[in-house]
Amino acid sequence: MILHVDMDAFFASVEQRDNPTLKGKPIVVSGHSKRSVVSTASYEARKFGIHSAMPVFQAKQRCPHLIILPGSRHKYAMDSKRIMAILREFSPMVEPVSIDEAYLDIRGCEKLFGPPRTIAGKIKTAIFNELALTCSIGIAPVRFLAKIASDMDKPAGVTFIPRDKVEEVINTLPIQKVPGVGRKAMALMASLQINTLGDIRKFDRSLLTRKFGKMGSRLYQLALGIDDTAVETTSVRKSISSETTLAEDISDPAQVRTILLAHAQRVGRDLRKKEWVCRHVSIKIKFSDFTQITRGKKTPSWISSSNAVFDEAVALFDKVILKKKIRLIGVGVSDFQHKSEPVQMSLLPDPDENFEKQWKNVDHAVDSISQKFGSDVVKKASLNPSGSKLNQTRRKKMTDKSAVSVRITGRVQGVFFRAETQKAAQSIQVEGYVKNLADGSVQALFQGNCDQIEKMLAWCRDGAPLSKVQGVDSQPVAIQPEMKGFQIRY
Ligand code: TTP
Ligand code: MG
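Quick look at the structure, then. (Residues numbered from 1 in each chain as written. Chains lettered and ligands numbered in written order. Predicted model: local features only at pLDDT ≥ 70, side-chain atom pairs only at ≥ 80, totals over all residues.)

Let us look at the sheet that holds strand 11 (residues 292–303). Taken in spatial order, the four strands make up an open sheet running 9-12-10-11, and their pairing is antiparallel. One side of each edge strand has no neighbouring strand; the edge strands of this open sheet are strand 9 (239–250) and strand 11. The sheet shows a mean angle of 15° between the axes of neighbouring strands, taken without regard to direction. When strand 10 (residues 276–287) meets strand 12 (residues 326–338), the two strands line up antiparallel, connected through 11 bridges. Counterpart to phenylalanine 287 in the pairing with strand 12 is isoleucine 326. Contacts from helix 12 (residues 253–273) reach strand 9, strand 10 and strand 12 within the one sheet, and its direction differs from that of strand 12 by about 30°. (Pairing = 2+ DSSP bridges. Helix = DSSP H or I, 4+ residues; strand = E, 2+ residues; numbered from the N terminus. Axes fitted to C-alpha atoms, helices over the stretch in contact; angles between N-to-C directions. Contact = placed C-beta atoms within 7 Å.)

Taking 1.5 Å as the rise per residue, helix 6 (residues 116–131) with 16 residues should run 22 Å; its terminal C-alpha atoms sit 22 Å apart, in good agreement. All of the buried residues along helix 6 are Pro116, Ile119, Ala120, Ile123, Ile127, Glu130 and Leu131. The buried residues of helix 6 all sit within an arc of 115° when viewed along its axis, so they share a single face. Along helix 6, the residues that are exposed and aim more than 90 degrees away from the buried face are Thr118 and Thr125. (Expected span 1.5 Å × (residues − 1). Buried ≥ 20, exposed ≤ 12 C-beta atoms within 10 Å, placed from the backbone. Arc of directions from axis to C-beta.)

Let us now look at the site of ligand 1. Lining the immediate environment of ligand 1, one finds 15 residues, of which Phe10, Phe11, Ser39, Thr40 and Ser52 sit closest. Of the residues in the shell around ligand 1, the class split is seven nonpolar, three polar and five charged. (Near = placed C-beta within 6 Å. Nonpolar A, V, L, I, M, F, W, Y, C, P; charged D, E, K, R; others polar.)

Among the structural elements, isoleucine 50 can be located in the loop between helix 2 (43–46) and helix 3 (56–62). It is 8.7 Å that separates the C-alpha atoms of isoleucine 50 and valine 28, two residues lying 22 residues apart in sequence. The residues touching isoleucine 50, leaving out its near neighbours within four places in the chain, are Val28, Val38, Ala41, Ala45, Ala59, Arg62 and Cys63.

Below, the discussion takes up the sheet that holds strand 16 (residues 468–477). The strand order across the open sheet formed by five strands is 16-13-15-14-17, and the pairing between neighbours is mixed. Edge strands, defined here as strands with exactly one partner in the open sheet, are strand 16 and strand 17 (486–489). Strand after strand, the sheet turns through a mean of 20° between neighbouring axes, direction not considered. Across nine bridges, the pairing between strand 13 (residues 401–411) and strand 16 is antiparallel. Residue pairing for strand 16: threonine 409 is matched across the bridge by glycine 471. In this fold helix 16 (residues 415–428) packs onto strand 14 (431–436), strand 15 (442–449) and strand 17, with an angle of close to 170° to the strand it touches most, strand 17.

A word on the nonpolar core. Leu3, Val28, Leu87, Leu104, Ile139 and Leu145 are the most contacted members of the largest nonpolar core, which totals 66 residues. Discounting residues that sit within four places of it in the chain, leucine 104 has contacts with Leu3, Val5, Leu87, Phe90, Ser91, Met93, Val94 and Val231. Counting 50 residues, the second largest nonpolar core, distinct from the first, contains Ile240, Ile303, Ile329 and Val404. (Core = buried A, V, L, I, M, F, W, Y, C linked by C-beta atoms within 7 Å.)

Before going further, it helps to spend a moment on the packing of helix 4 (residues 73–88) against helix 6. The geometry of helix 4 relative to helix 6 is characterised by a closest axis approach of 10 Å and an angle of 140° between their N-to-C directions. Once helix 4 is placed against helix 6, the crossing between them reads as right-handed. Contact with helix 4, carried on its side by Asp79, Arg82, Ile83, Ile86 and Leu87, involves Ile123, Ala126, Ile127, Glu130 and Leu131 of helix 6 and no other residues of that element. Partitioned by chemical class, the residues of the contact of helix 4 with helix 6 number seven nonpolar, no polar and three charged. (Left-handed = near helix turned anticlockwise from the far one by under 90°.)

Successive side chains on a regular strand alternate, one facing one side of the sheet and the next facing the other. Within strand 1 (residues 2–7), five of the six residues are buried, which leaves it mostly tucked inside the rest of the structure. Where strand 1 meets strand 7 (residues 135–140), six bridges bridge the pair, whose relative direction is antiparallel. Its bridge partner lying in strand 7, methionine 7 is registered against cysteine 135. The pairing of strand 1 with strand 6 (residues 101–105) spans five bridges and is antiparallel. From the neighbouring strand, isoleucine 2 faces strand 6, where its bridge partner is aspartate 105.

Printed below as a string of structure tokens:
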């Protein structure tokens, strides 16, 4: 069976979720100029006959109190990423086809998650719990019918077309609903009295091909319930990266190096987990004015040790002339191959070979400890230059106030996680904030005495009931004197 998942009024729903005062109101996402068209309309606006691609001035005429929002592609892309990640928890065969829709081949997943309708229900719940957004799902034995089905009961509906209902659906399906049948083809369809997909079967294939070209032959197949288009997954990852938006903008190169090291460790760990080696390292820096640069280089040999990634990243960073403060730092690797694949050996002896071997041993030890106890347990000494500041403070006095900046990765970007974190923080009585970062992780700042902070970190590691925490990295930061209570920031 194939599932087609399509988000409901995607851009508009994201806006309504992030600003509850927009809930239940007619809104559109679009530009404000005379020439702008609606990219999407909330279901409340659709009641006025407003739809995608309609000029905004016309939409305004239909609904004078229409709220027009500029939207943020970046924000929608982040939600889209999270949606696709949720879908991949249900099947390895996921094919995203646009920012808000994807096909899933659920063959073989039924033992794990139940029959198709149950899987669809679980997907809807997972997306809603994590992102507070609704979707509609179509289920059918072939791809094109799954897509058609997802549109049959919008919003928030699940439509199942079982095998024995396929013929009935085809016989009654208006031909214009078939993907690919545009306005031009429709005129010809009318002249041939083709009103439903089933009507196609009245004609032979060669006539359909003559009249409609390639599409004619495809329609002939579809009318017979045949659609060989498989769900294509592009499971090969092209890059691995790790980045953080900093709690405060920084300009101290030593601090930047510490952060580069943390990212190199994370990226290196991912590489080794997959048993890959890489040939390209890059860094990304976003400045306080939101301008961004990336710098990359091919490495002299295939690498997988965190230290080698770090060295390349630092070499790239050292060439950057810093004129502005930095708000985001990231490290990425790409150009992979499996570590067992033969590599072109250098003709000259590699002076770094022994060095790389030593680091492999260190990485191995760090990876196995991280796997057992979580990624924040072991860090290279240079990450904690003064031995953990948190530990020092604890040695001094457990009741001393301190603050830590925390990055939590995994399936954590959801309203629930933020709300649960706030609740936990309030009950443990730490001050601070929690917010989602654009890369899908969560950033928090906890401020309180050391045992309160430890409790809070332990809570994060265990995670909220509906989340899946993968890593909790904490770094001591300066105490924020103005902080009062614990807030959710957006
Ligand atoms: P759609 O899935 O076509 O529409 P939708 O999700 O807004 O509404 P529905 O409930 O009917 O599925 O498109 C997904 C997003 O793509 C949509 O929210 C905005 C964007 N989009 C455009 O930018 N321009 C367009 O012309 C269309 C159709 C969509
Ligand atoms: Mg949609």
